[in-house]
Amino acid sequence: MGLNVEGIRKDFPILQRKLAGKPVVYFDNACQSLRPVQVIEKINEYYKDFPACGERSMHKLGKKVDEGVDKARKSLQAFFNAKRTEEIIFTKNATEAINIVAHALDLSKGDVVLTTDKEHNSNLIPWQLLKEKGVKHEVVEFNNLDALNDKLTKNVKIVSMVHTSNMDGTSIDAKEMIKAVHDNGSLFMLDACQSAPHKTVDVRKLDVDFMACSGHKMLGPSGIGLLYGKQDALSKLKPFVVGGSTVSESTYSSCDLEKPPHLFEAGLQNYAGIMGFGAAADYLKKTGLDNVSAHELRLNRKITDAVGDSVELLGPKNPELRGSIFSFNVPGLETHNVAVMLDEAANVMVRSGAHCCHSWFNAHKMLGSVRASLYLYNTEEECDVFIKELQKIVKLLS
Amino acid sequence: MICIIALAVFSILAVFSASYRPLAAEAFDCVFRKATFRKCRTNLDQRLKSQITGKLLTKSPGLARFVYKRFEILSWIFVILFIASLAYTVYGGYNYALYGNCYGPEDNGGFCIYNALEGEQFSKIHAELEGETVLPTADDDPAMGPDDAKVEMIEFGCYMCPFSREAQEVVKQVLEKYGDRIKFVYRDFPIEQSGHSDLHMASNCANEQGKFWEIHDLLFTEQEVCAQTTGEEREKQVQDIAEQAGLDMAEFNACMKSEKYEDEIDKDFQDGLKAGVYGTPTFFINGRTIIGPKPLRAFEKIIDEELEKAENGS
């Protein structure tokens, strides 16, 4: 069943508006998606109807908050097919989720951490900085199983990989990678920021130990993300951000730590964000991620067929291997200039620069790329606008 | 280079709106870095370039291409123009403060660009003249309208001055509108360097025969033809105009030959100088000045105020 894109678009207030007399063509979804009214209403509901504390207040409003948070956690458990709700830990974003694992996992001198060469800074810097503890960070080629196997030694404690690259949309064969890592006795963490909004990420089928993702890329509010941790894996973590909610009892000299997920959710939480995140997961589940990815592929194919040969494409030419992302350079033009021109000319909003993947661009002696990233509410007509303006830029200015 | 203009524009806008202050700061940073031979850190110039090109892309792709490819040169041109116009503005302001006009002391045919509505004072152009400035009177010069009119408008004009010619249309509109409520006097102020007091002489000779306003209008109408002729040809041209005005030519020629109005014309000119006149046309409306060929509304404002004053007895 295909997507009812027109119906979906009605759920997004920003798409009903015009800027400078022109409709918004939002192709910056890999950075942050738009939000449907269902999510916005869910956020407002908290602030309007029960803006109270969760997990500690016994009054009616407090209970409503607990119910809302529990419901959201269940929605996300179902969305990722986690075994237990306790395995879903709310964070402020995926960056925080990865940092929790990097700092809470008891890594010590001589331990090795592996990542790919296409990591976002959020899945690179936390591991890099562990060198102060004597932990070695090494890089393997993206989606190269042989290269991974070559690096897998007994000292490798954890492998943290991006599922789908935010630069070019290519994905790793996660199942194969995870199996190899587990065979080595190491833990595997999946950065699912760019995959979870577009395709099914089944944490049990993949058998990941940890998984991180952000709400703002999958129709949810900004300032909310999650860390999935398999129960066994979570038990290996030592909490390093502690305080309210993370203990059940304390004296002047000791405390009784809570169990996950609360152990890793210190202090008052972003309740509105959590509930909005849950609503976003429900929305995507109802829409069907298979429908979403098929729709995005159709749009990406249209763009690739029209302008794929006129620009320097980042990643493989086959759009099936790039999913929702069309990342490119126009010869002779700076990436930011192209992005600004598209915006000024027709409100086509794309991302430009290094997309927080400076390491990859530096290694390839490139300054960055222009990235058009698609989502469920984008249309063929919007692609036509993008194609037309990009063709003009290529023809006239490059 | 565009950052220099951006700095000026955003700095002014920042005075009125806080939202422009970060942009002004960005532009300042960019200018400062470029002045110290470093690359603009904020890429403001690139952003402006792309924004301008992007806007042009939808309207005129060819122009967008031109601007994008030559942005640096265009930026330089705009910066030079900007600095030049800034320098001229300062120079104009200096002249205005010192001489009461924006062109400076050497200007003999120009007019202050400031609207004379606010210029209710004598020009300081002839400040070097000894003695106080003296308001001009109607003297015995040709006049229209009743002597007891509430408003007296004296024009110092030159028949060879294109600005005086331009002002005639407005003068007619003024006279038509105010009728008997205004007395209009025309006084001679031939611009010396041009050597054309013969035209003023002709108008005074015509006045003898009661045909002043006829020749006055014709001299302005034929101004361009007069300007192109000299010597005998010019003399012939003046005679043709006199004939058209219906003058007795023998009487007219005798008058011209006698040059008997030379003193009269010189007196007008000297009276003009004493009043601070430095160019033509200059109007004195009950002593208030209008310099240059100003629009009707400039005259209306002063005349209406003077009429109101007269009605209120003040």
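Bear in mind that the values here come from a model prediction, so they are computed numbers and not experimental data.

## Thoughts on the interface of chain B and chain A
Listed per partner, the contact involves 14 residues of chain B and 15 residues of chain A. Together chain B and chain A conceal approximately 1,300 Å² of surface at their shared face, both sides included; 59% is due to carbon and sulfur atoms. When the buried surface of chain B facing chain A is broken down by residue, Ser50(B), Leu57(B) and Tyr68(B) rank first, second and third, together holding 38% of it. Here chain B and chain A share one salt bridge between them. Taken together, the links from chain B to chain A amount to seven residue pairs in polar contact (both at pLDDT 80 or more). At the level of elements, α3 (44–59) and α4 (61–69) of chain B are the ones that each hand at least two residues to the side of chain B that touches chain A. Sort the elements by how many residues they give to the side of chain B that touches chain A and α3(B) lands first, with nine residues.

## What about the sheet that holds strand β6 (residues 136–140) of chain A?
Pairing between sheet strands relies on hydrogen bonds along the backbone, with the strands arranged either parallel or antiparallel. Residue and element names in this part refer to chain A. The strand order across the open sheet built from seven strands is β4-β10-β9-β8-β7-β5-β6, with neighbouring strands paired in mixed fashion. At either end of the open sheet lies a strand with only one pairing partner, and these are β4 (88–91) and β6. Taken pair by pair, the neighbouring strands of this sheet meet at an average axis angle of 20°, ignoring direction. Note that strand β8 (residues 187–191) and strand β9 (residues 210–214) share three bridges and pair parallel. Within β9, the residue paired with aspartate 191 across the bridge is alanine 212. The strands touched by helix α4 (residues 94–104) within the sheet are β4, β7 (156–162), β8, β9 and β10 (225–229), with β9 carrying the most contacts at an inclination of about 155°. Across the sheet, helix α7 (residues 174–183) is in contact with β7 and β8; its angle to β8 comes to roughly 155°.

## A closer look at the domain arrangement of chain B
The domain architecture assigned to chain B consists of domain 1 (2–99) and domain 2 (116–312). The C-alpha centroid of domain 2 of chain B is placed 47 Å from the C-alpha centroid of domain 1 of chain B.

## Considering the environment of Ala30(A)
All names here are of chain A. With respect to the secondary-structure elements, alanine 30 resides in the loop between β3 (25–26) and α2 (37–49). Residue classification places alanine 30 among the buried positions, given a relative accessible area of 3%. Put simply, alanine 30 and lysine 131 are 101 residues apart on the chain and 30 Å apart in space, counted from C-alpha to C-alpha. Apart from residues lying up to four places away in sequence, alanine 30 is in contact with Gln194, Lys217, Ile325, Arg371 and Ser373.

## Details of the nonpolar core
Counting residues in hydrophobic clusters, the biggest one holds 67 residues, and the most contacted among them are Phe80(A), Leu148(A), Phe188(A), Leu190(A), Met211(A) and Tyr377(A). At 10 residues, the largest contribution of residues to this core is made by helix α10 (residues 271–287) of chain A. The residues that make up this core include at least three from each of domain 1 (5–30 + 289–397) and domain 2 (40–286) of chain A. Not counting the four nearest positions on each side in its chain, Phe188(A) is found in contact with Val159(A), Met161(A), Ile172(A), Met177(A), Ile178(A), Val181(A), His182(A), Val208(A), Asp209(A) and Phe210(A). In terms of nonpolar packing, the next biggest core, distinct from the first, is built from 49 residues, Ile303(A), Leu397(A), Ile2(B) and Cys3(B) among them.

## Digging into the sheet that holds strand β16 (residues 351–353) of chain A
Residues and elements named next belong to chain A. Taken together, the four strands give an open sheet; going across it, the order is β13-β14-β17-β16, and neighbouring strands pair in antiparallel fashion. Both outer strands of the open sheet, β13 (312–313) and β16, are each paired with one neighbouring strand and no more. When β13 meets strand β14 (residues 325–329), the two strands line up antiparallel, connected through two bridges. Directly across from glutamate 312, in β14, lies its bridge partner asparagine 329. Running over the sheet, helix α12 (residues 335–346) touches β14, β16 and β17 (369–373) and is turned about 160° from β16.

## Notes on the environment of Asn43(B)
Relative to the assigned elements, Asn43(B) resides in the loop between α2 (21–35) and α3. In sequence terms Asn43(B) and Glu26(B) are 17 residues apart; their C-alpha atoms lie 9.1 Å from each other.

## Examining a negative patch on the surface
Residues and elements named next belong to chain B. Side chains of Glu259, Glu262, Asp263 and Asp266 sit close together on the surface and give a patch of like negative charge. As for its placement among the helices and strands, aspartate 266 is situated in helix α12 (residues 262–274). Judged by relative accessible area, aspartate 266 falls into the partly exposed class, the value being 41%.

Analysis parameters
Residues numbered from 1 in each chain as written. Chains lettered and ligands numbered in written order. Predicted model: local features only at pLDDT ≥ 70, side-chain atom pairs only at ≥ 80, totals over all residues. Heavy atoms only, no water. Contact = heavy atoms within 4.5 Å. Buried area = accessible area lost by both parts, 1.4 Å probe. Salt bridge = Lys/Arg side-chain N within 4 Å of Asp/Glu carboxyl O. Polar contact = N/O pair within 3.5 Å; in protein donor to acceptor, adjacent residues only side chain to side chain. Helix = DSSP H or I, 4+ residues; strand = E, 2+ residues; numbered from the N terminus. Pairing = 2+ DSSP bridges. Axes fitted to C-alpha atoms, helices over the stretch in contact; angles between N-to-C directions. Domains from an automatic or database assignment. Buried < 20%, exposed > 50% of the residue type's maximum accessible area, 1.4 Å probe, protein only. Core = buried A, V, L, I, M, F, W, Y, C linked by side-chain atoms within 4.5 Å. Patch = residues over 30% accessible without salt bridge, like charges linked within 9 Å, V, L, I, M, F, W, Y side chains within 5 Å. Areas by Shrake-Rupley, 256 points an atom, 1.4 Å probe, with all protein chains shown as cover. Lys, Arg positive; Asp, Glu negative; His and termini not counted. Charge placed at Lys NZ, Arg CZ, Asp CG, Glu CD.

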